[in-house]
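# Remarks on the overall topology
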Amino acid sequence: MHEASIAQTILNELEERVLLGQLPNSILKVNLRVGRFTAIVPDNLKFMYDVLKVETQFSETTLHIEEIPIRCRCNICSNEFILSEIDFVCKHCLSFPLELLSGRELFIDSVEAFDD
Amino acid sequence: MTEKISIPVVTKILDANSRIASEIRHHFQHHQVLAFNMISSPGSGKTTLLETVLPILKKRGIHSGVIAADIATTADADRLAKHHIPVIQITTESFGGACHLEAAPVRQALENFPIDGLDFLFIENVGNLVCPAEFDVGESLRMVMLSVTEGEDKPLKYPLAFHVSQFAVISKVDLIPYLQFSKEKLYDSIKKVNPTIHCFEVSCTKDIGIESLVDWFIELNHKKDEYLYHQHTHPSGSSHSHGHSHSH
């Protein structure tokens, strides 16, 4: 349910940047990068974005989400690997804790717009 | 003809929240107050734990306050006020019925909450194991709570809350004989998500494990500076091993 709050924050950020002249009015698509180890459900976020954008100048925009895998490095054997299931123990030497290299991202990467 | 272009933005969505959380953290440092963000499902016993532990800590010279958050009602604050614990209630109804606390309402609550003379501040988050895990509210430590009636698989179902916490309180352990509950499975689940987390088993109604938990809080108070000035609630969640560790 906090996806509503996240979606609203995205719209606020876009609005602020358009006001500041950092982004054009003609935004078509917003590209988001979301790590797999966040409490975000991409479909819920897209749904909330589509609900909340209606009353804004971004009603014609689409939200595109690229998911980023959970990548870890073992502090002991330095092996790097992607966690396909939640088990924060090194697959190679069974040590822990692991350093999380990616998977906690939540950011607007870029927007696509008409060049006006 | 107009062409489509791609414009890099690279803005962290939670930056605004993190900035406010950072202000709150400085406020706590200035007042030497160690803040705990308590995360759990509704009904795991957060308020009961505070009602049990805080009066004992007070007798041992540690003064605590509570920010209690719920979507609606002041029931939790009313319960704690009866124990003469300084408490302020945030109802997230006025923040759109949010299912979690963000830094802004905590900052607002702190404006009317004198924290001078307090050693600890417990921020009792909205009962929810999902959303609160994502939001920094300026705490020094995160504590996740799970009652045995919720089942031993919850850490795997809600991994982030367990991953970003430094200690876990397993509550209502007196009920285990009446449940099909395996402690071994629970600890297997917890360790997969966070291999270095400290765990405490308690029952507030049967006074089980309370003394160990109180001792842990006293130890944290002794090492207050270490926790106040080094953020342990890393987003990457690599929990630090400090002092007491519960054996199970």
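Residues numbered from 1 in each chain as written. Chains lettered and ligands numbered in written order. Predicted model: local features only at pLDDT ≥ 70, side-chain atom pairs only at ≥ 80, totals over all residues. Heavy atoms only, no water.

### Observations concerning the nonpolar core
Threshold: Only buried Ala, Val, Leu, Ile, Met, Phe, Trp, Tyr and Cys residues count toward a nonpolar core, and they belong to the same one when joined by side-chain atoms within 4.5 Å. Any residue under 20% of the maximum accessible area for its type is buried, any over 50% is exposed, and the rest in between are partly exposed; the area is computed with a 1.4 Å probe on protein chains only. Every residue pair with non-hydrogen atoms within 4.5 Å of one another is taken to be in contact.
B:Leu121, B:Phe167, B:Leu213 and B:Phe217 are the most contacted members of the largest nonpolar core, which totals 53 residues. The residues touching B:Leu213, leaving out its near neighbours within four places in the chain, are B:Leu49, B:Val53, B:Phe167, B:Val169, B:Phe200 and B:Val202. If you look at the next biggest cluster of nonpolar residues, it comprises 33 residues, including A:Leu100, B:Val144, B:Phe162 and B:Phe181.

### Some words on the pairing of strand S2 (residues 34-40) of chain B
Residues and elements named next belong to chain B. The following threshold applies: Each helix is a run of DSSP H or I of at least 4 residues and each strand a run of E of at least 2, with the numbering of both proceeding from the N terminus. By this definition, two strands are paired if DSSP reports at least two bridges between them.
In terms of burial, S2 is largely enclosed, as 7 of its 7 residues are buried. Where burial is concerned, the two faces of S2 agree: the one with Leu34, Phe36, Met38 and Ser40 and the one with Ala35, Asn37 and Ile39 are both buried. Here S2 pairs with strand S5 (residues 120-124) via 5 bridges, running parallel. Paired with asparagine 37 across the bridge in S5 is isoleucine 123. The pairing of S2 with strand S6 (residues 141-147) spans 5 bridges and is parallel. Within the sheet, the bridge partner assigned to asparagine 37 lies in S6 and is arginine 142.

### Some details on the interface of chain B and chain A
Threshold: Computed with a 1.4 Å rolling probe, the buried area is the accessible surface lost when two parts are put together, summed over both parts. By salt bridge we mean one thing: a side-chain nitrogen of Lys or Arg within 4 Å of a carboxyl oxygen of Asp or Glu. For this analysis, a polar contact is any N or O atom pair within 3.5 Å, provided that within protein one partner can donate a hydrogen and the other can accept it, and provided that sequence-adjacent residues contribute only side-chain to side-chain pairs. Any residue outside Ala, Val, Leu, Ile, Met, Phe, Trp, Tyr, Cys, Pro, Asp, Glu, Lys and Arg is labelled polar, Gly included; the first ten of those are nonpolar and the last four are charged.
Each partner contributes to the interface: chain B provides 32 residues, whereas chain A provides 34 residues. Taking both sides of the interface into account, the surface hidden between chain B and chain A amounts to around 3,000 Å²; carbon and sulfur atoms contribute 69%. Between A:Arg104 and B:Glu134 there is a salt bridge, and its shortest N-O distance comes to 3.1 Å. Across the contact surface, chain B and chain A share 12 residue pairs in polar contact (both at pLDDT 80 or more). Looking at which element gives the most residues to the side of chain B that touches chain A, the answer is strand S1 (residues 4-12) of chain B, with 9 residues. Residue classes in the side of chain B that touches chain A are distributed as 17 nonpolar, 9 polar and 6 charged. One ladder, built from 7 bridges, connects strand S6 (residues 106-114) of chain A with S1(B); its direction is antiparallel. Across the sheet, A:Val111 pairs through a bridge with B:Ile7, a residue of S1(B).

### Some points on the packing of aromatic side chains
All names here are of chain B. Rules: Note on ring pairs: Phe, Tyr and Trp rings are taken, using the six-membered ring of Trp, and paired if centres are within 6.5 Å. Classes follow the plane angle, with under 30 degrees stacked, over 60 edge-to-face and the rest tilted.
All chains considered together, the criterion is met by 12 aromatic pairs over all chains. With centroids separated by 5.5 Å and ring planes inclined at 80°, the aromatic side chains of phenylalanine 122 and phenylalanine 217 adopt a geometry described as edge-to-face. Separated by 95 residues along the polypeptide, phenylalanine 122 in strand S5 and phenylalanine 217 in helix H8 (residues 210-222) bring together distant segments of the chain. Take phenylalanine 122 and phenylalanine 217: they sit in the same class, and that class is buried. On the accessibility criterion, phenylalanine 217 (2% relative accessible area) is buried. Among the aromatic residues, those joined into a cluster by ring pairs are Phe36, Phe120, Phe122, Phe167, Phe200, Trp216 and Phe217.

### Thoughts on helix H1 (residues 15-31) of chain B
Residue and element names in this part refer to chain B. Which entries qualify depends on this criterion: The span expected for a helix works out to 1.5 Å for each residue beyond the first.
For H1, which comprises 17 residues, the first-to-last C-alpha distance of 25 Å matches the rise-based estimate of 24 Å (1.5 Å per residue) to within 8%. Taken together, the buried positions of H1 are Asn17, Ile20, Ala21, Ile24, Arg25, Phe28 and Gln29. In the core, the buried residues of H1 are packed alongside S2, helix H4 (103-111), S5 and helix H9 (224-229). With its phi angle positive at about 55°, glutamine 32 sits one or two positions after the end of H1.

### Notes on the side chain of B:Asn17
Tracing the sequence through the fold places B:Asn17 in helix H1. The residues contacting B:Asn17, other than those within four sequence positions of it, are B:Glu102, B:Ala103, B:Phe135 and B:Asp136.

### Some details on the confidence of the model for chain B
All names here are of chain B. To keep it simple, the criterion reads: On a scale of 0 to 100, pLDDT captures the predictor's confidence in every residue.
The predicted model of chain B averages 88 in pLDDT, with 90% of residues at 70 or higher. This stretch, residues 234-248, has a pLDDT under 50; its non-local contacts, to residues over four places away or in other chains, come to 37 contacts. For this predicted complex, the interface score ipTM comes out at 0.84, while the overall pTM is 0.88.

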